[in-house]
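# An overview of the molecular structure
The primary structure of each chain is shown beneath.
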Amino acid sequence: MRREASIKRSTGETAVGVILIIEGEGNAEIRTGIGFLDHMLTLFASHGGFDLGVQCRGDLRVDGHHSVEDIGIALGKAFSEALEERRGICRYGSFLLPMDEALVLCALDLSGRAHLSFDVTLPAARLGDFDTELTKEFLLAFCRSLGLTLHLRQLAGENTHHIIEAVFKALGRALKAACAIDPQKADRIPSTKGTLI
């Protein structure tokens, strides 16, 4: 089974295209116009084992907010479309990821209900061309469009690059576990309600 999706999102502020293969090899071709975000999405794909293509043309002359948010929306929709009714998935995933002095816990549920708990402190306001507060905006958009319950907790860390990198790597690892097919329940929706969407 190959679960995949292609999403296009166009607004007066951005034009975003996302191609996703969940059962991939961790290959990524990312061009968002924001170098640090390209780096983070590449790490996310690599650690999740997803093949991911992201293209964005946004109003970066204003700032990166619209691009980052709309990429999060499109990526969440791509996962939602690829997972369809979420039949057979493990549903839950978690990962505790060290990145040098940083340590981040990620726990998530492909519940169909959007929630973000972001207990992460980012000391630096900017990393290159990236406004670090947009990390949370990206994750909010991703959770809302996917229907994802996501908890992120920073247990240690001083370097902002390391902390955000730990967030994206942990998210990739935890989402890989949640998207995996449970061989004992491959034909079932993993909810007593009979639906996750």
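Our structure's up above, just so we're on the same page.
My aim in this report is to walk through the structure given alongside it, one point at a time. All figures in this text were calculated on a predicted structure; none of them were measured in a lab.

Calculation notes
Residues numbered from 1 in each chain as written. Predicted model: local features only at pLDDT ≥ 70, side-chain atom pairs only at ≥ 80, totals over all residues. Heavy atoms only, no water. Pairing = 2+ DSSP bridges. Helix = DSSP H or I, 4+ residues; strand = E, 2+ residues; numbered from the N terminus. Axes fitted to C-alpha atoms, helices over the stretch in contact; angles between N-to-C directions. Contact = heavy atoms within 4.5 Å. Core = buried A, V, L, I, M, F, W, Y, C linked by side-chain atoms within 4.5 Å. Buried < 20%, exposed > 50% of the residue type's maximum accessible area, 1.4 Å probe, protein only. Patch = residues over 30% accessible without salt bridge, like charges linked within 9 Å, V, L, I, M, F, W, Y side chains within 5 Å. Areas by Shrake-Rupley, 256 points an atom, 1.4 Å probe, with all protein chains shown as cover. Salt bridge = Lys/Arg side-chain N within 4 Å of Asp/Glu carboxyl O.

Okay, the sheet that holds strand 4 (residues 51–58) next. Pairing is mixed across the open sheet formed by four strands, whose spatial order is 1-2-4-3. Whereas interior strands pair on both sides, the edge strands pair on one side only; in this sheet they are strand 1 (4–10) and strand 3 (28–31). Adjacent strand axes in the sheet meet at a mean angle of 5 degrees when their direction is disregarded. Here seven bridges tie strand 1 to strand 2 (residues 14–21), and the two strands are oriented antiparallel to one another. Along strand 2, the bridge assignment pairs Ile7 with Val18. Here helix 1 (residues 35–48) sits on the sheet and contacts strand 3 and strand 4; the angle it forms with strand 3, its principal contact strand, is near 160 degrees.

Phe79, Leu150 and Leu152 are the most contacted members of the largest nonpolar core, which totals 62 residues. The leading source of residues in this core is helix 4 (residues 160–179), at eleven residues. For Leu150, the residues in contact, after removing those within four places along its chain, are Cys106, Ala107, Leu108, His115, Leu116, Ser117, Leu139, Cys143 and Leu171.

Taken together, the side chains of Leu96, Leu105 and Leu155 present a nonpolar region at the surface, about 250 Å² in accessible area. Looking at where Leu96 falls in the secondary structure, it is placed in strand 5 (residues 92–99).

Moving on, we come to the sheet that holds strand 7 (residues 115–119). Spatially, the four strands line up as an open sheet ordered 5-6-10-7, and their pairing is mixed. Two strands bound the open sheet, and with one partner strand each, they are strand 5 and strand 7. Strand-to-strand twist in this sheet, taken as the mean axis angle between neighbours without regard to direction, amounts to 10 degrees. In this structure, strand 5 lies alongside strand 6 (residues 102–109), joined through eight bridges in antiparallel fashion. Looking at the pairing, Phe95 lines up with Cys106 of strand 6.

All right, on to the pairing of strand 10 (residues 149–156) then. Where strand 6 meets strand 10, seven bridges bridge the pair, whose relative direction is antiparallel. In the sheet register, Leu108 faces strand 10, and the bridge partner there is Leu150. As paired elements, strand 7 and strand 10 share five bridges and run parallel to each other. Note that in strand 10 the partner of Leu116 across the bridge is Leu150.

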